[in-house]
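Residue-level structure breakdown
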Amino acid sequence: MSERISKTIFSVAAIILLSRLLGFVREMVIANVFGTSADYDIYLIAVMLPALAYGVINFASIYFFVPFLSKQNSSEGRTNWKAIYPPLNLILLASSVVMLIIIFGSPYIMKIWGSQLSDEKFAQVVLYSRLTSLMVLLGTTEAFMRAFLNVKKIFTFPAGGFIVYNIFCISSIYFLYESFSVGAIIIGVIAGLFFQNLFLLTKILKFKPFQSFTPKLITENSKALLKTAGIVVIIEMINRSYFLLDRFIAPSFGEGVISALNYSQVIVQLPDSIIGFAIGAVVFPLFSESTDNEQLHRFQYLYKKAILSAVFIAVPIAVFFFLHAEEIVYLLFHRGAFDAHSVELTATTLRPFVISIVSLFVISTSMRACYSGGWGRVVLLFVSISFALKFILNIVFSDAFGYAGISSATAAAHLFFAGAMIIFIMHKIRMHEKKQFVITLSSILFAGIFSGGLLYMIQSHWFTSSIGNSYISIIISLVGALLILIVVYLLSLYILNQKELLLQFVKHLKKNEK
């Protein structure tokens with residue numbers, strides 16, 4: 001990647017790192033207060049529909065608005081707000097309709113997951129679902145403003161919006177849980193999203209958006225939104241529906257499994273939400289600008305470097321999390337209501353799930369590349385097959401491995417999706433040096449597996465589990481293991497003749513230090 005792109009990614013990643021660390025503090029506070037309790041299970045069931053709608057519309061908005069807004073900027077940097085408002089109005093109307101459907105339809109829809117709950121618990125589910133429905137509308141406005149600022153090449157400021165969100169979430173849970181129980185989480189989520197929107201609006205106002213406001217809904221751009229966003233919405237709805245399957249089957253394994261699956265998902269998604277998000281936020285507008293045949297070479301370069309960089313970083317993280325799942329869960333969450341049983345539940349679901357760390361890096365970048373290239377229908381095909389695979393494997397794996405089979409099924413579906421996306425894009429963009437790309441990718445995976453295997457043998461013979469020791473002892477043990485893993489990993493890549501990959505990584509680090 002160029003020096004400018006690399007520096008931008010690292011600066012965005014630094015801000016996102018801070019926000020995600022705050023997000024982890026939020027999860028740690030939740031774990032401390034609620035653990036893997038029935039109350040938190042109830043909350044996670046209740047928030048399913050709002051969270052799904054929020055995720056779908058939020059991400060679909062970004063995927064539509066980044067390419068669309070890129071075309072609405074003049075060469076002088078002016079913004080054609082009159083062309084922007086009709087599609088924006090349309091998607092805000094759609095968000096409002098979805099919100100109302102959740103409010104009035106949750107007593108009927110939620111019976112699918114709450115049929116075995118008592119009347120009192122089911123009433124809580126309906127109430128929480130209705131209250132959190134506001135996040136759908138707030139998520140839509142946040143997505144638009146973040147996409148707009150990214151197109152303006154403003155990356156760090158919108159990333160800072162997540163910091164605002166997490167501060168309000170943490171404060172609400174910490175100060176209000178005794179009075180409102182899990183309702184404190186809901187208050188924090190809604191207040192956090194509201195003030196995150198206000199934070200982004202302060203920057204948006206500098207572009208004078210309201211001077212050219214129009215209430216129109218249907219224009220050619222709106223029709224393009226319906227055509228383009230329709231596929232994206234279906235894709236995101238399917239792609240984000242795994243947890244609907246999980247929360248249907250998980251209660252059969254007992255209280256707390258839904259909570260454990262959620263905690264393990266938070267851990268697995270953390271690396272991609274920091275580094276993967278930073279890579280995606282920066283390269284997505286660049287993908288959108290490089291879709292012409294004349295710039296196909298640039299598209300190839302961006303995709304190849306983005307994937308190799310992402311996998312290079314993700315593989316050792318996944319290996320480390322796999323080997324030390326129990327210690328990581330213990331260190332992060334073991335306090336208050338999160339007891340030894342909660343640690344065992346979460347670590348058991350986390351270990352097979354870590355494969356998704358690598359897959360999610362690839363998927364997030366590949367989906368952005370496909371949306372930029374106009375290949376949404378192919379993404380829809382792959383995501384549909386992946387969901388069907390997840391559905392089948394959920395039944396097979398949970399029967400064979402218990403509740404750990406639920407996260408194993410997710411990891412297998414993600415792995416298929418990531419592999420299919422890489423193969424398709426390589427073919428579609430007529431990637432030069434395909435053989436070298438595959439060799440480099442294979443070398444990274446082999447180096448990760450080898451270094452993990454060697455670390456496992458070293459620890460099996462000379463070290464004992466640090467669980468039960470002080471937090472300082474666990475941290476020292478994990479840092480030592482991580483250093484060994486990284487050294488062996490880098491040496492393995494060097495021996496596998498991946499010197500160019502290592503030199504590029506060192507070069508980028510030096511440039512960003514400056």
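Preceding this section is the structure that the text describes.
All residue numbers refer to positions counted from 1 along the written sequence of the respective chain. For a predicted model such as this one, the threshold for reporting local features is a pLDDT of at least 70, and the threshold for listing and counting side-chain atom pairs is 80 or more; totals across whole chains, interfaces and linings nevertheless cover every residue. Working from all heavy atoms in the structure, the side-chain values ignore hydrogens and water.

**A look at the overall build of the chain**
- Check the secondary structure of the chain and you find 21 helices and 0 strands.
- Sorting the 514 residues of the chain into buried and exposed places 55% on the buried side.
- Across the chain, the fraction of contacts at a sequence separation of at least 24, relative to all contacts at a separation of at least 6, is 85%.
- Accessible surface is estimated by sampling points in the Shrake-Rupley manner with a 1.4 Å probe; for residues, cover comes only from the protein chains shown. Surface exposure of the chain reaches about 22,600 Å², of which carbon and sulfur atoms provide 67%. Segments assigned H or I by DSSP are reported as helices when at least four residues long, segments assigned E as strands when at least two residues long, and all are numbered from the N terminus. Throughout this description, buried means an accessible area under 20% of the type-specific maximum (1.4 Å probe, protein chains only), exposed means over 50%, and partly exposed covers the range between. Throughout, a contact is declared for two residues whenever any of their heavy atoms are within 4.5 Å.

**Considering the nonpolar core**
- Among the nonpolar cores identified, the biggest contains 119 residues, and Y43, I185 and I444 are the most heavily contacted of them.
- If we skip the residues at most four places from it in the chain, Y43 touches Y128, V182, I185, I186 and V189.
- To define a nonpolar core, start from buried Ala, Val, Leu, Ile, Met, Phe, Trp, Tyr and Cys residues and group those joined through side-chain atoms within 4.5 Å. By size, the runner-up hydrophobic cluster in this structure holds 24 residues, among which are I57, F64, L88 and L149.

**Topic: helix 11 (residues 242–249)**
- Helix 11 sits mainly inside the fold: 7 of its 8 residues count as buried.
- For helix 11, every residue scored as buried is listed here: Y242, F243, L244, L245, D246, R247 and I249.

**Let's talk about the pattern of salt bridges**
- By definition here, a salt bridge exists when the distance from a side-chain nitrogen of Lys or Arg to a carboxyl oxygen of Asp or Glu is within 4 Å. The full count for this structure, using the stated rule, is 5 salt bridges.
- As a salt-bridge pair, K121 and D39 come within 3.3 Å of each other at their nearest N and O atoms. One end of the pair, K121, is in helix 6 (residues 119–132); the other, D39, is in helix 2 (residues 38–46), with 82 residues separating them in the sequence.
- On the basis of relative accessible area, D39 is assigned to the partly exposed category, the value being 32%.

**What to know about the environment of V319**
- If you trace the backbone, V319 turns up in helix 13 (residues 296–323).
- Of the residues examined, V319 reaches a relative accessible area of 15% and is grouped as buried.
- Along the backbone, V319 and I355 are 36 residues apart, and their C-alpha atoms lie at a distance of 8.3 Å.

**Topic: the packing of aromatic side chains**
- Pairing of aromatic side chains requires ring centres within 6.5 Å, counting the rings of Phe and Tyr and the six-membered ring of Trp. Pairs whose planes differ by under 30 degrees are stacked, by over 60 edge-to-face, and all others tilted. All chains considered together, the criterion is met by 23 aromatic pairs.
- Between the aromatic rings of Y330 and Y471, the centroid separation amounts to 6.0 Å while the plane-to-plane angle is 50°, which identifies the pairing as tilted. Taken as a pair, Y330 in helix 14 (residues 325–333) and Y471 in helix 20 (residues 471–495) lie far apart in primary sequence, 141 residues in all.
- The buried category is assigned to Y330, whose relative accessible area is 12%.
- Judged by relative accessible area, which is 34%, Y471 ranks as partly exposed.
- A centroid spacing of 5.4 Å and a plane angle of 45° characterise the contact between F333 and F338, whose relative ring orientation is tilted.

**A closer look at helix 8 (residues 156–180)**
- The first and last C-alpha atoms of helix 8 sit 34 Å apart over 25 residues, in line with the 36 Å expected at 1.5 Å per residue.
- Here the bend at a residue means the angle between the axes of two seven-residue stretches, the one that ends at it and the one that starts at it. At Y174, helix 8 shows its maximal kink, close to 40°.
- Residue S181 follows helix 8 closely and has a positive phi angle near 55°. Every helix has an expected span of 1.5 Å times one less than the residues it contains.

**Points about the environment of S259**
- Looking at the secondary structure, you find S259 in helix 12 (residues 257–288).
- S259 gets classed as buried once you look at its relative accessible area, which sits at 0%.
- Taking the C-alpha atoms as reference points, S259 and L44, 215 residues apart in sequence, are found 7.4 Å from one another.
- Contact partners of S259, with chain neighbours within four places excluded, come to G35, T36, S37, Y40, D41 and L44.
- In this structure the side chain of S259 is engaged in a polar contact, spanning 2.5 Å, whose partner is the side chain of D41. Counted as a polar contact is a pair of N or O atoms within 3.5 Å, where, for protein atoms, one must be capable of donating a hydrogen and the other of accepting one, and residues adjacent in sequence contribute only when both atoms are in side chains.

**Quick look at the packing of helix 11 against helix 17 (residues 376–401)**
- All axes here are fitted lines through C-alpha atoms, helices being fitted over the stretch that makes contact, and every angle between N-to-C directions spans 0 to 180 degrees. Running from N to C, helix 11 and helix 17 point in directions that differ by 20°, and their axes come no closer than 10 Å. By the criterion of interaxial angle, the relationship of helix 11 to helix 17 is roughly parallel. The way helix 11 lies across helix 17 gives a crossing that is right-handed. The residues of helix 17 that touch helix 11, namely those facing Y242, L245, D246 and I249, are S386, F387, K390, F391, N394 and S398.
- In terms of residue class, the contact of helix 11 with helix 17 is made up of 5 nonpolar, 3 polar and 2 charged. In this scheme, roughly parallel covers angles under 35 degrees and roughly antiparallel covers those over 145, while 65 to 115 is roughly perpendicular and the rest are oblique. If you view the pair so one helix is near and one far, a crossing is left-handed when the near helix is turned anticlockwise from the far one by less than a right angle, and right-handed when it is turned clockwise. Three classes are used, and their members are as follows: Ala, Val, Leu, Ile, Met, Phe, Trp, Tyr, Cys and Pro are nonpolar, Asp, Glu, Lys and Arg are charged, and the others, Gly among them, are polar.

**Overview of a nonpolar patch on the surface**
- A patch consists of residues exposed above 30% relative accessible area that lack any salt bridge, with like charges linked at up to 9 Å and nonpolar side chains (Val, Leu, Ile, Met, Phe, Trp, Tyr) linked at up to 5 Å. A cluster of nonpolar side chains, namely L93, V97, I101, Y108, I109, I112, L217, I218 and F248, defines an oily patch on the protein surface of about 870 Å² accessible area.
- On the secondary structure map, I218 appears in the loop between helix 9 (183–204) and helix 10 (220–239).

**Concerning unusual backbone geometry**
- In this structure, K208 takes a positive phi of about 50° despite not being glycine.
- Residue class for K208 comes out exposed when judged on its relative accessible area of 52%.
- Phi is positive for N497, which is not a glycine, with a value near 65°.
- In this fold, N497 is placed in the loop between helix 20 and helix 21 (499–513).

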